[in-house]
Amino acid sequence: EDQVTQSPEALRLQEGESSSLNCSYTVSGLRGLFWYRQDPGKGPEFLFTLYSAGEEKEKERLKATLTKKESFLHITAPKPEDSATYLCAVTQYGQNFVFGPGTRLSVLP
Amino acid sequence: SQTIHQWPATLVQPVGSPLSLECTVEGTSNPNLYWYRQAAGRGLQLLFYSVGIGQISSEVPQNLSASRPQDRQFILSSKKLLLSDSGFYLCAWNPGRTGNTIYFGEGSWLTVV
């Protein structure tokens, strides 16, 4: 059974304190790994898609990387507006997407 | 550009009442369409997905049903709501090619009382 786990469950950072979120997956024939940001009461907002081990994507203070078993979302010098829940998802066939439980990030000023 | 609309945004319904949530996608054709549910503090649970008009796959047995009467319209329904149906419901779409990103609507908050 395809599974996606994320750690930590919650993370509190001081403004400017860099850190990483982890997404581990067990799926054969990965067709894509996705990162989303979700603000309270809103739908998930797409951030990145990664397709193969070694691939990296960057957007502002966020950088996503992918290995054969896990992905990391690195947050450099975070700001309070980066506070949100970050979700990871994988797809094997491009139709069914399995989501992890998310990491709740709080960035304190 | 493509957009997804979902309504109503919030609703409070009594136990045993019917439900209808609607979702439409603009700016694309023949998308894959999805209904997810997100319980408080939990991950996204896939309820239904559709690869075409009238083609619905159910992932979780329950008292909910889905229909796709038009190419870009997806409806989530129930004849009689249960307390356990409360949650945050999200409609989503992707272009239908392998590995393509899935995009979400703003969500509908359902409280069953």
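For the structure, see preceding data.
Now for a quick tour of the structure. Please read all numbers here as calculations on a predicted model, not as lab measurements.

1. What to know about the interface of chain A and chain B
- Listed as interface residues are 21 residues of chain A and, on the opposing side, 24 residues of chain B.
- Of the roughly 1,700 Å² buried between chain A and chain B on both sides combined, carbon and sulfur atoms contribute 55%.
- It is Gln95, Phe97 and Phe99 of chain A in chain A that bury the most area against chain B; as a group they hold 29% of the surface buried on that side.
- Counting the contacts that link chain A with chain B gives zero salt bridges.
- Of all elements in the fold, only strand S4 (32–38), strand S5 (45–50), strand S9 (84–91) and strand S10 (97–99) of chain A reach the threshold of two or more residues within the side of chain A that touches chain B.
- The element that contributes the greatest number of residues to the side of chain A that touches chain B is S4 of chain A, accounting for three residues.
- For the side of chain A that touches chain B, the class distribution of residues is ten nonpolar, nine polar and two charged.

2. Regarding the sheet that holds strand S8 (residues 70–75) of chain A
All names here are of chain A.
- Taken together, the five strands give an open sheet; going across it, the order is S1-S3-S8-S7-S6, and neighbouring strands pair in antiparallel fashion. Each having just a single partner strand, strand S1 (3–7) and strand S6 (56–59) make up the two edges of the open sheet. Ignoring strand direction, the axes of neighbouring strands in this sheet form an average angle of 15°.
- Bridging between S6 and strand S7 (residues 62–66) involves four bridges; their strand directions are antiparallel. Looking across to S7, one finds that Glu56 is bridged to Thr65.

3. Considering the pattern of salt bridges
Residue and element names in this part refer to chain A.
- For the coordinates displayed, the defined rule picks out seven salt bridges over all chains.
- When the shortest N-O distance is used, the salt bridge between Arg37 and Asp39 registers 3.0 Å.
- Classification of Asp39 by relative accessible area gives partly exposed; the value is 26%.
- The partner of Arg61 in a salt bridge is Asp82, and the shortest N-O contact between them spans 2.8 Å. Of this pair, Arg61 sits in the loop between S6 and S7 while Asp82 sits in the loop between S8 and S9, placing them 21 residues apart in sequence. Exposure class is identical for Arg61 and Asp82. Each is buried.

4. Focus on the state of the cysteines
Residue and element names in this part refer to chain A.
- A full pass over the atoms with the stated rule returns two disulfides over all chains.
- Sulfur-sulfur distance for the disulfide between Cys23 and Cys88 comes to 1.9 Å. Torsion about the S-S bond of the Cys23 and Cys88 cystine: about -60°, corresponding to left-handed handedness. Separated by 65 residues along the polypeptide, Cys23 in strand S3 (residues 19–26) and Cys88 in strand S9 bring together distant segments of the chain.

5. Side note on the environment of Arg68 of chain B
Residues and elements named next belong to chain B.
- Tracing the sequence through the fold places Arg68 in strand S7 (residues 64–70).
- Taking relative accessible area as the criterion, Arg68 reaches 3% and is therefore assigned buried.
- Residues Arg68 and Gln55, spaced 13 residues apart in sequence, show a C-alpha to C-alpha distance of 7.3 Å.
- Residues within four places of Arg68 in sequence aside, it is in contact with Asn30, Pro31, Asn32, Leu33, Ser50, Val51, Gly52, Ile53, Gly54, Ile56, Gln73 and Phe74.

6. Considerations on unusual backbone geometry
Residue and element names in this part refer to chain A.
- Looking along the chain, the bond that leaves Ser7 and enters Pro8 is cis, with omega of -10°.
- Relative to the assigned elements, Pro8 resides in the loop between S1 and strand S2 (10–14).
- The phi angle at Glu60 is positive, at roughly 55°, despite the residue not being glycine.
- Structurally, Glu60 can be placed in the loop between S6 and S7.
- Backbone geometry places Ala77, a non-glycine residue, at a positive phi of 45°.
- Here Ala77 is to be found in the loop between S8 and S9.

About the thresholds
- Residues numbered from 1 in each chain as written.
- Chains lettered and ligands numbered in written order.
- Predicted model: local features only at pLDDT ≥ 70, side-chain atom pairs only at ≥ 80, totals over all residues.
- Heavy atoms only, no water.
- Contact = heavy atoms within 4.5 Å.
- Buried area = accessible area lost by both parts, 1.4 Å probe.
- Salt bridge = Lys/Arg side-chain N within 4 Å of Asp/Glu carboxyl O.
- Helix = DSSP H or I, 4+ residues; strand = E, 2+ residues; numbered from the N terminus.
- Nonpolar A, V, L, I, M, F, W, Y, C, P; charged D, E, K, R; others polar.
- Pairing = 2+ DSSP bridges.
- Axes fitted to C-alpha atoms, helices over the stretch in contact; angles between N-to-C directions.
- Buried < 20%, exposed > 50% of the residue type's maximum accessible area, 1.4 Å probe, protein only.
- Disulfide = S-S within 2.5 Å.

Read these as spatial facts, not as claims about activity.
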